[in-house]
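# Structural characterization, general
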Amino acid sequence: METVLTTVGTKVLENLVDQLLQVIVDAKNKAVPYTDILDRMQKRVIAIAPLFKQIEELNTTLNRSNDEVQKLVDLLQNGQFLVKKCTEKVRWWNCGFKRPSYAGELLKLEEELNSLSRAKANQAGLEAEPSLIWYSSRETESNHVELKAVEDSFNPRSGLEKILYLIKLSNLRRVESMDLVLTTVGTKVLETLVDQFLQVIVDAKNKAVQYTDILNQMQKRVNSIAPLVKQIEELNTTLNRRNDEVEKLVDLLQSGQSLVKKCTEKVRWWNCCFKRPSYAGELLKLEEELNRYFQEIVQLQQRRDQMEMLTRLLTSNGTRMIIVSASGGCGKTTLITKLCHDEEIKGHFGDRIYFVTLSRTLQVKRIVQRILQQTEQPVSEFQSDEDAVNQLGHRLRKVATKVNLKQQISPILLVLDDVWSGAEAFLENVQFEIEGYKILVASRSVFPRFGCTYPLTGLNHEDAMRLFHLAAGLRDAETNIPNEIVEKIVKGCKGLPLALMVVGRSLCSQPLAVWKKKEQEWSSGSSKLGTEEDIFNCLRMSLDVLKDKDPIKQCFLDLGCFPEDQRIPVTGLIDMWEELHGFDGDGVSAMDTIYKLCHRNLTSLTLVRGNANEVDNWHGGQFVTVHDLLRELAINLGSQKEDGLTERLIISIANGNFPNWWKDQKLHPTRARLLSITTDETFSSEWLNLEAPAAEVLILNFQSKNYTLPGFIEKLEKLKVLVATNYGYSPTELSNFHLIGSLSALRKIRLEHVSIPCLGKFPTQLNNLQRVSVVMCKIDAAFKNTNLCYVLPNLVEINIDYCDDLVELPEDICELSLLRRLSITGCHNLSSLPEAIGELANLEVLRLTSCTGLEMLPESIGSLRKLTVLDISDCLHMDKLPHQIGNLHSLQKLYMRKCLSLQGLPESMANLQQLKEVICDEERANLWRTFERTPKIKITKEDINLNWL
């Protein structure tokens, strides 16, 4: 290559630029889902093309070696390869799943090109004009004019003016200009934003009285993190954190100001009772995000040396398996997850990092299936555990030997979290002889016969104090809690992050008397942590500040009803808690409780898909996760009897072994209101009888290919909620499904990853059933030979999520006269809606998110006079809207993100007088410019969630 570059100079680079441009143009006609990204990339390449003509002169001037030029050649060749790959691999029927991966790679390539253009501009001495360095092809014509006006008027008289100027530019540029802001003025931006945020909170407390308690809480939180903000630059250097981490904090502070201001501006006394729940949830969510951000920083500050050591072990030749060992709650998962996001690790392993959680019960076939899903290779059924391991080795060898542009072996990192004692045989079997293959294990156990064991210790006292202060909301200048009390409690936690966070949060805002009681418990010696039993007792005592009947405590105990290491869908919790605890039907109370649990560090809330919207009470894609120790605590406390009775009965059946008490023929009826039964893949569906006359919620967790509903459910006369979830790989075939028809009190049913039999076999009407949710189910047979109006006459809400065999809705669904909410998301094969859908006179919400095969809406949709929310986001094939859509006179909110084929709007949309907000992308926003009156247009960023860890 050096000979080529020496001979033809920059012609190699110029030719590669031309070739990349041609590939992009060709791809835009084939890969429609990526049109917007490819448009930006085309502009980027055109913008940097002139720089390549100066490359030889730059090399001579800067004394750059040809390996730098080789880097440019590799980048351009990689670009061609990636763009071609997008057009070859993406199909309409699976673009909803493939797109995020390639979109992320394309955006990464665009960013590399962007960084290259800035670097070359700097080297060529072009940095004198900020616009030359910061120019972004993402700018619209309008904000480019505004940007030029801001630049022309720049004449700062103070440091603060300079900060505001740079922030203004960063907001207009919407690219990496914030990096320059932070580099130029250091942490003054953060300190200024913190001060501004505090002032906004103080002002808001005088105006929005209904939020005073939440704002007081937030003010304490911001005050407690203020000292850490001053250390942020030092932390960045120490932890090698990129500016995007700091930018996240900037975004949090800016969004905090906006949210607090919105609470004061939009809430009026005459409607505060309606507005408050929504904003209260958002305020609690913001405070939780700030808290989590700084807790992570404190935990990782001491871990920096450990991260560097593990990084060296993983990226060097030698030991294949590295085991991170520590007791529960020490931060193993946090550390290895952060490692997987580390830039050096990602640079070494690329997208070949496969993360899987094993759990206490080892299920080899299921583990292998989850790993292979991440490799984007077809996953088949395995005959045995041995067959599963053999296929895993074969697939990983295929990944490792996949020829890349540099003809090198592709290294692989397999991350196994929560590995328990007894998994030695599995660890032995997955040590495949593959060049560049590494295994990272996190476990409470030590496996001396395998690789290198890296013991993880607790935080040192200084970092433990800092983390505890954050969790407890203490600020040295204002707290009335004696330091010696804090010292004793922190020392008792032995540096364990989980204990520090949970205990600290349990004491947050508590009076001095509660602190003294806690100190006495530590002083007695019984609470100091040594064994895992001690840790468990410590966590248990942290709940003592909550009364037994407190809804927060009761809801926490309910979380023990779900399997270990599984995400718990928020929508399922809403179903349960509405009936068990009398929560409202729109999910507001449930979300408020979840945020309070997060606030106490008892749970975490994650958003897997970007279609959740709490303002509209839609929570699809939101999940709760619980640490293993906290789940064990919930099970232990939730199963305790009060007056001889228990509110919850949690049963786990492994290898077909029923609990001894269940086998007792003299079993007395259980009075539990919540019944949870978990079985494994070996369960034969041969049930014993169980009498549970008081049961109102039944949760069935299973993994087998075939599953028979227990016969005793037809006797559950008070049952109001049924949740049946298959955690296996393939959809489960359900038997005894007709028994559900005998549950006359049933109000809500949620089925996940099962094949649903015909609903027409129900013996009677389910007159009380109001909500049906099906997720990743096979539902084609459910509607055949079924009269929905007879079987489910009073249905109010239907949620169908990622059911790939749904091609069309049954016509008689339009006869459900009481239906108010219809949500169909991720059903890529849905091709049309019934023509008579306009007969749903009471329908208020219609969601069709990510129905990529849906080409149009029926004209009768204009008859939905009560419809207030319509969501057609990611309906990639929908190229036009019906003329009658203008008759939706009650429509207030329209979601139309990434409707890539939609190139125009009907003139009748000017009649949507009640339409207040349109949520869309930039391309769809431009379609509204032709209308004289336009609603509020909210442009959303592209939702690409690559953080699968």
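Residues numbered from 1 in each chain as written. Predicted model: local features only at pLDDT ≥ 70, side-chain atom pairs only at ≥ 80, totals over all residues. Heavy atoms only, no water.

The protein is annotated in an unreviewed UniProt entry as RPW8 domain-containing protein from Punica granatum. Recorded in UniProt for the protein, the comment headed Sequence similarities (unreviewed entry) runs: "Belongs to the disease resistance NB-LRR family." (UniProt positions renumbered as here; feature names shortened; annotations may be inferred.)

On the basis of which strands lie adjacent, the open sheet formed by 3 strands has the order β6-β8-β7 and antiparallel pairing. Single-partner strands in this sheet number two, and they are β6 (568-569) and β7 (604-607). By the bridge criterion, 2 bridges tie β6 to strand β8 (residues 622-625) in an arrangement that is antiparallel. Note that in β8 the partner of Pro569 across the bridge is Phe623. Sitting on the sheet, helix α28 (residues 588-599) touches β7 and β8, and the angle it makes with β7 is about 120°. (Pairing = 2+ DSSP bridges. Helix = DSSP H or I, 4+ residues; strand = E, 2+ residues; numbered from the N terminus. Contact = heavy atoms within 4.5 Å. Axes fitted to C-alpha atoms, helices over the stretch in contact; angles between N-to-C directions.)

Okay, the packing of aromatic side chains next. Taken as a whole and judged by the stated rule, the model has 15 aromatic pairs. Look at Phe658 and Phe683: their rings are 6.3 Å apart centre to centre, the planes differ by 55°, and that puts the pair in the tilted class. Of this pair, Phe658 sits in the loop between β9 (648-653) and α30 (660-663) while Phe683 sits in the loop between β10 (674-679) and β11 (697-702), placing them 25 residues apart in sequence. On the basis of relative accessible area, Phe658 is assigned to the buried category, the value being 10%. Classification of Phe683 by relative accessible area gives buried; the value is 5%. Taking the centre distance of 6.1 Å and the plane angle of 90° together, the rings of Trp687 and Tyr707 count as edge-to-face. Of this pair, Trp687 sits in the loop between β10 and β11 while Tyr707 sits in strand β12 (residues 706-708); the two residues are 20 residues apart in sequence, bridging distant segments of the chain. Here a set of aromatic residues connected by ring pairs shows up, and it is made of Phe658, Trp661, Trp662, Phe683, Trp687, Phe702, Tyr707 and Phe712. Against the face of Trp420 rests Arg360, its NZ or CZ located 4.0 Å from the ring centre. Across the ring face of Phe623, the terminal group of Arg567 is positioned such that the distance to the ring centre comes to 5.2 Å. (Phe/Tyr/Trp six-rings, centres within 6.5 Å; stacked < 30°, edge-to-face > 60°. Buried < 20%, exposed > 50% of the residue type's maximum accessible area, 1.4 Å probe, protein only. Lys NZ or Arg CZ within 6 Å of the ring centre and 35° of its normal.)

Turning to the pairing of strand β3 (residues 412-419), a few remarks are in order. β3 sits mainly inside the fold: 8 of its 8 residues count as buried. Pairing analysis gives 5 bridges linking strand β2 (residues 353-357) to β3, with the strands arranged parallel. Looking at β3, one finds that Phe355 is bridged to Val415. In this structure, β3 lies alongside strand β4 (residues 437-443), joined through 6 bridges in parallel fashion. Note that in β4 the partner of Leu413 across the bridge is Lys438. In terms of handedness, the path from β3 via helix α20 (residues 424-429) over to β4 forms a crossover that is right-handed. (Right-handed = clockwise from strand over helix to strand, strands pointing away.)

Here we take up the pattern of salt bridges. This structure, assessed with the given rule, holds 24 salt bridges. For Glu343, the salt bridge goes to Lys346, with nearest N and O atoms at 3.3 Å. Of this pair, Glu343 and Lys346 both sit in helix α17 (residues 343-349), 3 residues apart, roughly one helical turn. With relative accessibility at 33%, the residue Lys346 sits in the partly exposed group. The salt bridge partner of Lys748 is Glu579, with a shortest N-O separation of 2.5 Å. With Lys748 in strand β15 (residues 748-752) and Glu579 in helix α27 (residues 570-580), this residue pair connects regions lying 169 residues apart in the sequence. Looking at Lys748, the relative accessible area reads 4%, which means it is buried. One network of salt bridges, with partners in common, ties together Asp575, Glu578, Glu579, Arg747, Lys748, Arg771, Glu797 and Arg821. (Salt bridge = Lys/Arg side-chain N within 4 Å of Asp/Glu carboxyl O.)

Examined against the element boundaries, His469 turns out to sit in helix α21 (residues 461-472). Accessibility expressed as a relative area gives 15% for His469, which makes it buried. Within the local environment of His469, its side chain forms a polar contact with the backbone oxygen of Met465, the two atoms lying 2.8 Å apart. (Polar contact = N/O pair within 3.5 Å; in protein donor to acceptor, adjacent residues only side chain to side chain.)

This part covers the sheet that holds strand β5 (residues 452-455). With parallel pairing, the 5 strands of this open sheet are ordered in space as β2-β3-β4-β1-β5. Two strands lie at the open edges of the sheet, namely β2 and β5, each paired on one side alone. Shown here is a sheet whose adjacent strand axes are inclined to one another by a mean of 15°, direction ignored. Two strands pair when backbone bridges link them, and strand β1 (residues 321-325) and β4 are joined in this way by 5 bridges, in the parallel orientation. When the bridges of β4 are listed, Ile323 appears paired with Val441. Helix α18 (residues 364-374) rests against β2 and β3 of the sheet, and its axis sits at about 150° to β2.

Take the confidence of the model for the protein next. Across the protein, pLDDT averages 76, with 70% of residues at or above 70. Confidence drops under a pLDDT of 50 for residues 1-10, and excluding neighbours within four residues, the segment shows 13 contacts in the predicted structure. Across residues 943-949, where pLDDT falls below 50, the model places 20 contacts with residues more than four positions away in sequence or in other chains. (pLDDT = per-residue confidence, 0-100.)

In this section: the environment of Asn726. Tracing the backbone shows Asn726 in strand β13 (residues 721-726). Its relative accessible area of 4% is what places Asn726 among the buried residues. Counting along the chain gives 50 residues from Asn726 to Met776, while the straight-line C-alpha distance between them is 9.9 Å. Beyond its immediate sequence surroundings of up to four residues, Asn726 is in contact with Phe702, Gln703, Ser704, Pro731, Thr732, Glu752, His753 and Val754. At 2.7 Å, the side chain of Asn726 and the backbone nitrogen of Gly728 are in polar contact.

A few words now on empty space enclosed by the protein. Taken as a whole and judged by the stated rule, the model has 10 cavities of 30 Å³ or more. Roughly 240 Å³ of internal volume is contained in the largest cavity. Elements with a contribution of two residues or more to the lining of the largest cavity: β15, β17 (771-775) and β18 (797-801). For the lining of the largest cavity, the per-class residue count stands at 21 nonpolar, no polar and no charged. (1 Å grid on protein atoms, 1.4 Å probe; cavity = no way out; pocket = protein on both sides within 12 Å on 5 of 7 lines; lining within 4 Å. Points joined across faces, edges and corners; volume = space filled by probe spheres on them. Nonpolar A, V, L, I, M, F, W, Y, C, P; charged D, E, K, R; others polar.)

Before going further, it helps to spend a moment on the state of the cysteines. With the rule as written, the count across this model stands at 0 disulfides. Cys789 forms no disulfide, and the closest cysteine sulfur to it belongs to Cys814, at a distance of 9.2 Å. Cysteine Cys875 shares no disulfide, and the gap to the nearest cysteine sulfur, in Cys851, comes to 5.4 Å. (Disulfide = S-S within 2.5 Å.)

Turning to helix α16 (residues 332-341), a few remarks are in order. With 7 of its 10 residues buried, α16 lies for the most part within the structure. The complete set of buried residues in α16 reads Lys332, Leu335, Ile336, Thr337, Lys338, Leu339 and Cys340.

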